[in-house]
Each structure stands twice: as C-alpha cells, then as structure tokens.
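# Geometric and topological summary
These are the residues of each chain, in order.
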Amino acid sequence: MSNEEPYSSEQVTCFVDLLKNELPEHRDNRGKRHPLAFVIAAFVLATLVGRQKLSSIHRFMRNRADWLHELIQTPKVKPISRAHLPRLLDSLNWPVLNELIERCFGVRIQSNETSKWVAIDGKALRGTLDAGDKQNLSLAVERVSREVVAQARQCGDKSSEIPVVRELLKDSGLEKQKVSLDAHHFNPTTTAQIDQAGGVYVTQVKENQATFLQQCKTLRTQFLPLAETIGHEKAHGRVTTRSAHLFSLTSLTLDSRWKNSGLSTLIVVERETFESAKQKTSFETSYYVSNAVLEADVIKPLAEELSQAIRYHWSVESNNWIRDVTFNEDHIKTKAGNQSQIMALLRGLAIELIRKTSPKNFQAAIDNFTDSVSTLESMLKQVKFL
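Residues numbered from 1 in each chain as written. Predicted model: local features only at pLDDT ≥ 70, side-chain atom pairs only at ≥ 80, totals over all residues. Heavy atoms only, no water.

Quick look at the overall build of the protein chain now. Within the protein chain, the secondary structure is distributed over 14 helices and 9 strands. In terms of C-alpha radius of gyration, the protein chain reaches 23 Å, essentially the compact-globule figure of 21 Å for 386 residues. Taking the principal axes of its C-alpha atoms as reference, the protein chain extends roughly 75 × 50 × 45 Å. In the protein chain, the proportion of contacts linking residues at least 24 apart, taken out of those at least 6 apart, comes to 64%. Of the accessible surface of the protein chain, which amounts to about 18700 Å², a share of 48% is contributed by carbon and sulfur atoms. Placing the 50 positive and 45 negative side-chain charges of the protein chain at their respective mean positions leaves the two points 7 Å apart. (Helix = DSSP H or I, 4+ residues; strand = E, 2+ residues; numbered from the N terminus. Rg over C-alpha atoms; globule rule 2.2 N^0.38 Å. Contact = heavy atoms within 4.5 Å. Areas by Shrake-Rupley, 256 points an atom, 1.4 Å probe, with all protein chains shown as cover. Lys, Arg positive; Asp, Glu negative; His and termini not counted. Charge placed at Lys NZ, Arg CZ, Asp CG, Glu CD.)

Have a look at this one:
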C-alpha cells in the first residue's frame, strides 16, 4: 500500500472490472484462452464456499463453469486443466495483484484517527514443498475490526521478516501511526524508524535483547509504578486477570544505539489464569516498551491505551488462526513459492470479504454461501467484488 490518498468509489467500480481492465497480461497469444480475471475471481468464489485444496478448487471451476462465466461476465471457454491452473497462478504478479486488491478493498488509517492501533506480525506459509523456499506473509491488522490494513511477502530461505516489516511500515505509512509489534521487531533500527517518523509503537521485550530485558526487570524492583490498570476476562473455561504497571525508562542508562528510538515507557504485564477444568492457576509476567511519553495529565488514559494495545495484539494471531483452522492454509501443498503466495493472497481476500459482513462465525458464513447462491451473489455485489 502506498502513501497516496485512497481511491474514491467513482474511481473503482468493482474488483472484477479492475482485474479485466488493469491487470497486466503477461502471457503470449498461445496462453490466453482462460481470462486472468475469470481464474482469479473463480478462485476466490471457490474459497468462499469452502474449497481449499487446489484440486477441489479446480473441480469447482470446472463443475460450475457456466454459472461462473455468467456471474463474472466472461466468454465461455473450455475449463482450465488441473495441470495448467497452478502454472497460471504461479505466473501472476503478486505486487500488482495486491495493489489492485488494496485499491478496491484497502482499509486506511488516517492521521486524525488517533485511537486506532495496528498489530503487525508474520504468517508462515508452510505448504510449499521445496523446504528451502521459505514463504511468509507480514500482516498489519487493525485492532478493533481485525481487517488487514497492509501486507507484504517474504520469500526465500535466507530472507528475514525484519526488513520486510520495515519496508511495510514505510510503504503503507504505518510508521507514522500507532503500531504494536512482537519481540522479533524490538531492535534499534525499527523502533527508531517509527519514532523518527512521528509514530507510536509498543513492542515486547524478550531474550533477543537480553541486556535490555534485565534492565527492565531490575527497574521493576527498584521503583514504584506510575500508573496501573487491571482487567478480568472469562472465556473458554478460563478466568484471566491482567494487570499492567507503567514505569518511566528515563532512569535507565541505555546503549547509544537506542538514542533515536524515543524509549520512554516500560509496561509490565502480569497475567493470572485459572482453568476451571483442571482447577489450575498459572502466572506469567511479560515486559513491553513504548515511545509513548508519560505525562502527568494523561498517564491514566495512556496506561489503559497501552494495556489494550498489548491485549489486542492477538488480532493478528486470531487472523492466522482463521487461516490455519477454517481455511486449512498450513496443509495446502504447493510446488512453487509464488503460487503459494498468490493462493495466500486470494485466500486472504476471501477472508476479508467475509469479514466485511461482520460474521459471528466464519465457518457458518462459508456454509451459508455454500447453501445459498443468492446469498453469495448478494454479498459479492454489496462489497463491490462484482
């Protein structure tokens, strides 16, 4: 996603038209029998009715060909072969397709939306058959709606999620917003990037920054917290009590490499969880830091805000759970990395389309689309897919 202003409804009619008019044609004349817009749209529809593996998606495209051509408004041709489908998917341009998806469905966090936090984390695509061809997604998810704000891909066994996330922060403009990150991204370059751009971050501290973590643990024992919050939650047979304690980091002598990171606040989160079935209580203490400045007149609201940002960082994990459990992403085997990334991108689009209907249960939504063609068509038109 770029830093440009979002496209208006007048600029984007529907996603299928965008595919037909603006998706570059990379094939020579011998390979143009099957319109790219048809294959992409049909793949998403197959996913929306619960088809997951490529063979099942291909059968859907073959068996429902007449209906699909009428719905997508493309000329009727002989269905694409099972052998050709993965090759066509592998040949698609991921960045271009992602840009078209974001033009039509992208969610933007505006600079005046100061209450919104975005959680960023990685998602491994474990189904690529070549063990040396590591494929990951980096997803930025809005905390409340859980909609994907931006995403980037990581390819290759020697690649790293850290520079991918830095580029994602820059290209999407999220470096100027409020973001939560896991401990993997607690490093001076990433935190300085956000702070220098005017953004706010909260990130966990773990053993990958062992010296800093020890300093945080020592600080906690030497000073009283400046603010505290406490909350209770009962769900899934567990009762969880979470307390957050805020400390100032100004007393710490930090290494010079942190000088541009704006490190200001330590948040110590204590979790006490009681499992009813096992009659067992567990305790956990975690450490987080932020460049949010502790000011006397806003310290209590800031404590609540940072506590909630940490609490709901699991929005990304929740999305990953849906991809793995409901859509079986980890068990879908592919022979090529770009094919895996394209399938994950279209699978993610299907998830976002369902999310726009505010479902209480994703599997129930899939079942409804499977049982009622009219419900599926109505939804696709409502969200401007068709």
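Anyway, onward from the coordinates.
On to the pairing of strand β3 (residues 148-155). With 6 of 8 residues buried, β3 is to be regarded as a mostly interior element. Of the strand pairs in this sheet, strand β2 (residues 135-142) and β3 are connected by 7 bridges, and their pairing is antiparallel. Among the inter-strand pairings, Ser138 is bridged to a residue of β3, identified as Ala152. Hairpin geometry of β2 and β3 is characterised by an intervening segment of 5 residues between the two adjacent antiparallel strands and by a positive phi of about 65 degrees at Arg146. (Buried < 20%, exposed > 50% of the residue type's maximum accessible area, 1.4 Å probe, protein only. Pairing = 2+ DSSP bridges.)

Turning our eyes to something else, we now look at the sheet that holds strand β1 (residues 117-124). Spatially, β3-β2-β1-β4-β5-β9-β8-β7-β6 is the arrangement adopted by the 9 strands of the open sheet, whose pairing is mixed. Pairing within the sheet leaves two strands with one partner each, and these edge strands are β3 and β6 (227-235). Direction aside, neighbouring strands of the sheet carry axes that sit 20 degrees apart on average. Along the sheet face, helix α8 (residues 188-197) touches β4 (178-181) and β5 (200-205) and points at about 160 degrees away from the line of β5. The strands that helix α11 (residues 314-326) touches are β1, β2 and β3; relative to β1, the one it contacts most, it runs at about 40 degrees. (Axes fitted to C-alpha atoms, helices over the stretch in contact; angles between N-to-C directions.)

Viewed as axis vectors pointing N to C, helix α1 (residues 15-22) and helix α6 (residues 94-105) meet at an angle of 140 degrees, and their least axial separation amounts to 10 Å. Considering the angle they form, α1 stands oblique to α6. Handedness of the α1/α6 crossing: right-handed. Seen from α1, the contacting residues are Phe15, Leu18, Leu19 and Glu22; seen from α6, they are Leu97, Leu100, Ile101, Arg103, Cys104 and Phe105. (Parallel < 35°, antiparallel > 145°, perpendicular 65-115°, else oblique. Left-handed = near helix turned anticlockwise from the far one by under 90°.)

Bridging between β6 and strand β7 (residues 238-248) involves 9 bridges; their strand directions are antiparallel. Paired with Glu228 across the bridge in β7 is His245. Adjacent in sequence and paired antiparallel, β6 and β7 are bridged by 2 residues, among which His236 carries a positive phi angle near 55 degrees.

A word on the packing of aromatic side chains. Under the counting rule described, the total for this entry stands at 7 aromatic pairs. Measuring from centroid to centroid gives 5.5 Å for Phe15 and Phe385, while their planes differ by 35 degrees, and the two rings are tilted. Of the two residues, Phe15 sits in helix α1 while Phe385 sits in the segment after α14 (373-382), which places them 370 residues apart along the sequence. Grouping residues by exposure puts Phe15 and Phe385 together as buried. (Phe/Tyr/Trp six-rings, centres within 6.5 Å; stacked < 30°, edge-to-face > 60°.)

Take the environment of Gln308 next. You can see Gln308 is positioned in helix α10 (residues 299-311). For the pair Gln308 and Arg143, spaced 165 residues apart in sequence, the C-alpha separation works out to 9.4 Å.

By secondary structure assignment, the location of Ala140 is in strand β2. Classification of Ala140 as buried rests on a relative accessible area of 0%. The spatial distance from the C-alpha of Ala140 to the C-alpha of Val49 is 26 Å, given a sequence separation of 91 residues. If we skip the residues at most four places from it in the chain, Ala140 touches Val118, Ala119, Ile120, Glu147, Val148, Val149, Ala150, Leu168 and Leu174.

Below, the discussion takes up the side chain of Gln339. By the secondary structure assignment, Gln339 is in helix α12 (residues 337-355). With near-sequence residues (within four places) excluded, Gln339 lies in contact with Leu54, Pro86, Leu89, Asp90 and Thr334.

Let us look at the nonpolar core. Core analysis: the largest hydrophobic core is formed by 67 residues, its most contacted members being Phe15, Leu48, Leu89, Leu97, Leu353 and Phe385. Ranked by residues supplied to this core, first place goes to helix α2 (residues 36-48) with 12 residues. The residues touching Leu48, leaving out its near neighbours within four places in the chain, are Ala350, Leu353, Ile354, Ile366, Phe369, Leu376, Met379 and Leu380. (Core = buried A, V, L, I, M, F, W, Y, C linked by side-chain atoms within 4.5 Å.)

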